[in-house]
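Commentary on secondary and tertiary structure
Each chain, letter by letter, is given below.
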Amino acid sequence: MGSVAMDSDYGATRELSSLQKQRALYRPALPPCLQGTSVRVEYGGAAIAADSGDAHVISHAFPHTYGQPLAHFLPKTANVPDAAIVTEHPPVRVGVVFSGRQSPGGHNVIWGLHDAINAHNPSSKLIGFLGGTDGLFAQKTLEITNEVISSYKNQGGYDMLGRTRDQISTTEQVKAAMNTCQALKLDALVIIGGVTSNTDAAQLAETFAESKCSTKVVGVPVTLNGDLKNQFVETTVGFDTICKVNSQLIGNVCTDALSAEKYYYFVRLMGRKASHVALECALQSHPNMVLLGEEVAASKLTISDITKQICDAVQARAEKDKYHGVVLIPEGLVESIPELYALLQEIHGLHDKGVSIENISSHLSPWASALFDFLPPFIRKQLLLHPESDDSAQLSQIETEKLLAQLVETEINKRLDEGTYKGKKFNAICHFFGYQARGALPSKFDCDYAYILGHVSYHILAAGLNGYMATVTNLKSHVDKWKCGAAPITSMMTVKGWSRGPAASQIGKPAVHMASVDLKGKAYELLRQNSSSFLMDDIYKNPGPLQFEGAGAEAKPISLCVEDRDYMGRIKQLQEYLEKVKSMVKPGCSQDVLKAALSSMAHVTELLTIMSSLSYNGQATI
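Right, let's walk through the structure included here. The written sequence of each chain sets the order in which its residues are numbered from 1. In keeping with the predicted nature of the model, local features appear solely for residues at pLDDT of at least 70, side-chain atom pairs appear and are counted solely at 80 or more, and the whole-chain, interface and lining totals rest on all residues. Excluding hydrogens and water, the side-chain figures rest on all heavy atoms present in the structure.

1. Topic: the sheet that holds strand S8 (residues 216–221)
- Any two strands between which DSSP finds at least two bridges are classified as paired. Helix and strand assignments follow DSSP, with helices taken as H or I runs no shorter than four residues and strands as E runs no shorter than two, numbered in order from the N terminus. The mixed open sheet is built from 10 strands, whose spatial order is S3-S1-S2-S14-S13-S8-S7-S4-S5-S6. If you trace the sheet from one side to the other, it starts and ends with strand S3 (84–86) and strand S6 (141–143), each paired once. If you compare each strand with its neighbour and ignore which way they point, the axes differ by 30° on average.
- Bridge analysis of S8 against strand S13 (residues 468–473) gives 2 bridges, and the strand direction is parallel. Looking at the pairing, Gly219 lines up with Met469 of S13.
- In what follows, a contact means two residues having at least one pair of non-hydrogen atoms within 4.5 Å. In this description, a line fitted to the C-alpha atoms serves as the axis of each element, helices being fitted only across the stretch in contact, and the angle between N-to-C directions of two axes falls anywhere from 0 to 180 degrees. Here helix H18 (residues 444–462) sits on the sheet and contacts strand S1 (39–46), strand S2 (69–73), S3, strand S4 (93–98), strand S7 (188–193), S8, S13 and strand S14 (483–488); the angle it forms with S13, its principal contact strand, is near 135°.

Printed below as a string of structure tokens:
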């Protein structure tokens, strides 16, 4: 089916401001491994699940796409004798779809993919699906040309193609996607999105392989939440921009608090269940407090515990004659507080049974009913909203910051009446920083990263790979040192059980799961080292607006730069060491060399066996 007009003006030429026009002229550089017309790929060993205990379940669910090798794309100067070199590039037809919430930089993935396709064969076609996955199912398309993409280069939003629902999960949806790929004779389908979208990409790839559909499926890690993070993916497109835009707003609020000296600002940040955005923004702007959902869950803090923690901080600051402050709250905090999470699970269970919103409160268990009645009316109404498609609460609609501000005010007033708090009246102002940043102009880092991932996606297609995610590692270094590759999406999967209600049985399904903040990681450690001075000393920091040139333009997420995560590079280095051992320990080598090799290998094997049996996965628990 050819292009179909839709109500929205998808792909229409944008009206650009002076800054947008200047940004549209910026062209990201490519690392050496993506330059030239040949695709050089070195294959590593079979990529397996990080947790060996999950391997059987995943391999059973994905028999055609589990256990595929890692792929490293090489510069033409690389001396790797067994590298595969693709020099013939027949014309291809590639489909691309936005699947998931808009994230700054998404357009650059399409731009990079378009440039790579046309550089290798100008007769190739890139076909965008209009309106997200709904457009994929309905075969609503737009051919991506230089003219179409010209006003979307380095721009925010997803308005070139648009987006709708975020899933390709039902049998009917998978069948519709395959019908579209076959009808349009697509050689590849590139899916741009986060954890859910890439799980769906893996399922599509498996179904296509099983059905002998020739379309290859490629996933690209794009999500503002920063929660698609694992041994192969260091960060996601959009995370840097969101954190920089929010950090400027937080910095502005910090300056305002310090100026008036009479308000506490409670700021809720977008980011879904994980607290990566809140952590990064705290490191950039130095608020007085940040509540991380992972900390709350690990310590099993109740809503009362959190209220007391904030009140104690307010009281300690009042003793220093400070009556202002800034508190950051991740939107996923509500699902990290044990009693609120249990209440939400009970409410969602009643939704599943068809109980109407008006009658849910009367069907709650006694303890849940008591908690529900304790909460302010506005929170009750928000908790009753239908859950998202991934079974989570509608976090963007639950005003946790207002709940905490109200509870803190009540407790401070109680302490005031009791005489245990002798300071001034507590005043709170609440904000939700969410949608304001989603459509921002992407940072230079996100522009570069997304454009390069687009090129990597073509390399994956040229290598004939299916069910892979485009990866770029060593991101904290300069672009010319970035390492590009591809990892099977199934190797990023884990199997997690879940249950709803005390009598429900656990169900495990392989998926690319959200990565939480690592409470043993260097970024979290950096926050904890500075938390006392953040709380009491008002060392607020304002990074200012996004910089595209000059000071600040090359800045990258602090949480990325403090970690040492070049996993793909280390895998390659290990392979090189193993090759050296094989070349030195051959029949005819000396007894001493053989004994040393056997002793060393026996020790290494024993150590790795122990670590594997403990499900140690060689990486921090993100």
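2. Quick notes on a nonpolar patch on the surface
- Note on patches: the residues involved have over 30% relative accessible area and no salt bridge, like charges join within 9 Å, and the nonpolar side chains Val, Leu, Ile, Met, Phe, Trp and Tyr join within 5 Å. Accessibility throughout is a Shrake-Rupley quantity obtained with a 1.4 Å probe, and a residue counts as covered only by protein chains that appear here. Each salt bridge in this description consists of a side-chain nitrogen of Lys or Arg and a carboxyl oxygen of Asp or Glu lying within 4 Å of one another. A cluster of nonpolar side chains, Leu574, Leu578 and Met601, forms an exposed patch at the surface whose accessible area comes to about 260 Å².
- When you line up the elements, Leu574 lands in helix H21 (residues 567–584).

3. A look at helix H19 (residues 522–537)
- Here, expected helix span is obtained from the residue count minus one, scaled by 1.5 Å. The terminal C-alpha atoms of H19, which comprises 16 residues, lie 23 Å apart, in line with the 22 Å expected from a rise of 1.5 Å per residue.
- The largest bend along H19 measures about 50° and falls at Asn530.
- To sort residues, take the accessible area from a 1.4 Å probe on protein chains only and compare it with the maximum for the residue type: under 20% means buried, over 50% means exposed, and anything in between is partly exposed. Looking at H19, one finds that the buried residues are Ala523, Tyr524, Leu527, Ser531, Phe534 and Met536.
- Packing partners of the buried residues in H19 comprise helix H9 (276–285), strand S10 (289–290), helix H10 (293–299), helix H11 (303–318) and helix H20 (558–561). Think of it this way: the bend at a residue is just the angle between two axes, each fitted to seven residues, one set ending at that residue and the other starting at it.

4. Remarks on the environment of Ser259
- Note that Ser259 resides in helix H8 (residues 239–260).
- Between the C-alpha atoms of Ser259 and Ser124, which are 135 residues apart in sequence, the distance is 58 Å.

5. Focus: the packing of aromatic side chains
- Any pair of Phe, Tyr and Trp rings, taking the six-membered ring for Trp, is counted once the centres come within 6.5 Å. Such a pair is stacked with planes under 30 degrees apart, edge-to-face with planes over 60 apart, and tilted for the rest. One pass over the full model with this rule turns up 9 aromatic pairs.
- A ring pair is formed by Phe445 and Tyr449, whose centres lie 5.7 Å apart and whose planes are at 35°; its orientation type is tilted. In this pair, Phe445 and Tyr449 are both assigned in helix H18, 4 residues apart and thus about one turn of the helix distant. Neither Phe445 nor Tyr449 differs from the other in exposure class; each is buried.
- On the basis of an interplanar angle of 75° and a centroid distance of 5.9 Å, the ring pair of Phe445 and Trp482 is categorised as edge-to-face. Residue Phe445 is located in helix H18, and its partner Trp482 is located in the loop between S13 and S14; the two are separated by 37 residues in the primary sequence.
- Phe445 gets classed as buried once you look at its relative accessible area, which sits at 4%.
- What makes Trp482 buried here is its relative accessible area of 4%.
- Put simply, the rings of Tyr264, Phe266 and Phe426 touch in pairs and so form one group of aromatic residues.
- Comment: the charge-over-ring label is applied if NZ (Lys) or CZ (Arg) is within 6 Å of the ring centre and within 35 degrees of the ring normal. Positioned over the ring face of Phe432 is Arg268, at 3.9 Å from the centre of the ring.

6. So, the sheet that holds S10
- Spatially, 4 strands are ordered S10-S11-S9-S12 in an open sheet, and the strand pairing comes out parallel. Each edge of the open sheet is held by one strand with a lone partner, namely S10 and strand S12 (428–433).
- Across 6 bridges, the pairing between strand S9 (residues 264–269) and strand S11 (residues 325–330) is parallel. Along S11, the bridge assignment pairs Phe266 with Val327.
- Sitting on the sheet, H8 touches S9, S11 and S12, and the angle it makes with S11 is about 150°.

7. Thoughts on the nonpolar core
- To qualify as a nonpolar core, a set must consist of buried Ala, Val, Leu, Ile, Met, Phe, Trp, Tyr and Cys residues joined through side-chain atoms within 4.5 Å. Ranked by size, the top nonpolar core spans 94 residues in total, and within it Ile110 and Ile192 carry the most contacts.
- No other element matches the 10 residues that H18 contributes to this core.
- Ala313, Tyr323, Leu344 and Val355 belong to the second-largest nonpolar core, a separate cluster that totals 45 residues.

8. Quick look at the packing of helix H12 (residues 338–352) against helix H14 (residues 366–374)
- Running from N to C, H12 and H14 cross one another at 110°; their axes reach a closest spacing of 10 Å. Taken as axis vectors, H12 and H14 run roughly perpendicular relative to one another. Where H12 crosses over H14, the two elements pack in a sense that is left-handed. Across the interface between the two elements, Glu339, Leu340, Ala342, Leu343, Glu346 and Ile347 from H12 touch Trp367, Ala368, Leu371 and Phe372 from H14. Geometric relationships in this document are graded by angle, where less than 35 degrees denotes roughly parallel, more than 145 denotes roughly antiparallel, 65 to 115 denotes roughly perpendicular, and other angles denote oblique. Helix crossings are classified by the rotation of the near helix relative to the far one: an anticlockwise turn of less than a right angle makes the crossing left-handed, while a clockwise turn makes it right-handed.

9. Let's talk about the pattern of salt bridges
- Per the stated rule, a full pass over the model turns up 15 salt bridges.
- Between Glu143 and Lys125 there is a salt bridge, with its nearest N and O atoms 3.4 Å apart. Of this pair, Glu143 sits in strand S6 while Lys125 sits in strand S5 (residues 125–129), and the two are 18 residues apart along the sequence.
- Residue Glu143 is classed as partly exposed on the basis of its relative accessible area, which comes to 34%.
- A salt bridge links Lys308 to Asp312; the nearest nitrogen and oxygen atoms lie 2.8 Å apart.

10. Digging into the environment of Gly588
- Along the chain, Gly588 falls in the loop between H21 and helix H22 (591–613).
- Its relative accessible area of 81% is what places Gly588 among the exposed residues.
- C-alpha of Gly588 to C-alpha of Ser124: the two residues are 464 residues apart in sequence and 54 Å apart in space.

11. Notes on unusual backbone geometry
- Even without being glycine, Asn154 reaches a positive phi, approximately 60°.
- Note on placement: Asn154 falls in the loop between helix H5 (146–149) and helix H6 (171–183).
- Of note, the phi angle at Glu261 is positive, near 55°, even though the residue is not glycine.
- Examined against the element boundaries, Glu261 turns out to sit in the loop between H8 and S9.
- Residue class for Glu261 comes out partly exposed when judged on its relative accessible area of 48%.

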